[in-house]
Amino acid sequence: MKFFTEEQSLDVLKDLVAIKSDNDNELKVASYLKDLLAKYDIESEIKIIRDNRANLVAEIGHGKPVLGISGHMDVVAAGNLDDWNSDPYQLTEKDGQLYGRGATDMKSGLAALIITMIELHHQGLPQKGTIRLMATMGEEVGEEGSGYFLKDGSMDDVDGLVIGEPSGYNIGYAEKGSMDIKFTSKGKASHSSMPEKGFNAIDPLMNLLIDANKTFRDENIKHDSIGPLIFNTTLINGGTQVNSIPDHAEAEINARTIPEYDNQKVIDVLNDLIKKYNDQGAKISFDAYMNEFPVLMDPKNALVAPMKKLMEQYTNEEVHVTPISAVTDASNLVQKKPSDLPFLIAGPGNDTPHQINEHVDKQMYLNFIDIYEKLFIDFLDNTK
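Because the structure is predicted, anything quoted here is derived from the model rather than measured.

Draft legend 1. The arrangement of the pairing of strand 6 (residues 129-136) in detail. Counting buried positions along strand 6 yields 8 of 8 residues, so the element is predominantly enclosed. The alternating pattern of strand 6 places Gly129, Ile131, Leu133 and Ala135 on one face and Thr130, Arg132, Met134 and Thr136 on the opposite face, and all of these are buried. Where strand 2 (residues 53-62) meets strand 6, 7 bridges bridge the pair, whose relative direction is antiparallel. Paired with Val57 across the strands is Met134, a residue of strand 6. Across 7 bridges, strand 3 (residues 66-72) lies against strand 6 in parallel orientation. The residue of strand 6 that forms the bridge with Val66 is Thr130.

Draft legend 2. Quick look at the domain arrangement of the protein chain. With domains assigned, the protein chain is organised as domain 1 (6-175 + 294-382) and domain 2 (181-292). Here the C-alpha centre of domain 2 lies 36 Å away from the C-alpha centre of domain 1. Facing the 13 residues of domain 1 at the interface are 11 residues of domain 2. Regarding the contact of domain 1 and domain 2, the summed buried area is about 840 Å², with carbon and sulfur atoms giving 62% of it. If you look at where domain 1 meets domain 2, you find 0 salt bridges. Between domain 1 and domain 2 we count 2 residue pairs in polar contact (both at pLDDT 80 or more) in total. With 3 residues, the single largest contributor to the side of domain 1 that touches domain 2 is strand 8 (residues 171-175). Tallied by class, the residues present in the side of domain 1 that touches domain 2 amount to 7 nonpolar, 4 polar and 2 charged.

About the cut-offs
- Residues numbered from 1 in each chain as written.
- Predicted model: local features only at pLDDT ≥ 70, side-chain atom pairs only at ≥ 80, totals over all residues.
- Heavy atoms only, no water.
- Buried < 20%, exposed > 50% of the residue type's maximum accessible area, 1.4 Å probe, protein only.
- Helix = DSSP H or I, 4+ residues; strand = E, 2+ residues; numbered from the N terminus.
- Pairing = 2+ DSSP bridges.
- Domains from an automatic or database assignment.
- Contact = heavy atoms within 4.5 Å.
- Buried area = accessible area lost by both parts, 1.4 Å probe.
- Salt bridge = Lys/Arg side-chain N within 4 Å of Asp/Glu carboxyl O.
- Polar contact = N/O pair within 3.5 Å; in protein donor to acceptor, adjacent residues only side chain to side chain.
- Nonpolar A, V, L, I, M, F, W, Y, C, P; charged D, E, K, R; others polar.

Quick look at the structure:
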């Protein structure tokens, strides 16, 4: 018999959705979770990163092995509230779906992880090993919170890792890296009728971006399972008025990297391209202000088969073991870990993250609490 009722489980998700943690304010989420865990005799610690941005860590059990579980506390902005069919910060049920910002990405996954810990702790479990929750801030922009956990040693003794990002009844084991890069080109202003008196900052930057597109969009740069390297210019700006040669131009790109052509390779190639234009008189520089590396773990690692078997009890659809399209905190958390680390990305949800009327299937959310509970104990009991 469940310790937490269905109503209580829904209340936790409702409370989390009500907290506006739009790329900020994770401290309020962490404080809520700390109080909730304390109510059931589970100690936790809030790790202030800066201002009201914070991580949360909590453990049940003791000793080895250590299973890390992780979810992020931030969400993206809701956008125009008038476009929603209901208040995005009030969990609303309709036709078996729960609507609200973060319902899928990923407050339902986070809530399921927390409730699973409470359920297991109430049963006196785990009797062997430790479950360590690492709830993160800043996942939506930059993965800063998981970077903190990597640096503070929280992952050093972890023997397995579950990321509760939305997958539905599917399992992720790999993801592309992600880079956000800002280019700055400096020139010299002059009247547009006398361009020889100045230096157009836009021209070399534009040519650089065209060269970069040709280089990075080579159809041969791809991974068999993760797919191709992706490179897109997404922002561009330069000049102040139409009859002046611009002395400043900027552009920003997003690249999605693969193991064979990772972030450092992209940086090295860009350095070579920029040197070519700077040798011709340009003054271009760049800053990779987000730099998350690709993840490629063994799809046959020790967590995948048990999870697949559990999921098959809750769905008639085929359970796919596949790379995921998004970038997660795994980019930081699995660094320095071997490729056969027991690892997976799986949580309640669907393809509505970041969208208007984001929602999660109510029964799937409740099912994942059961799935996590069985998976976590199975892993700890069967890991030496």
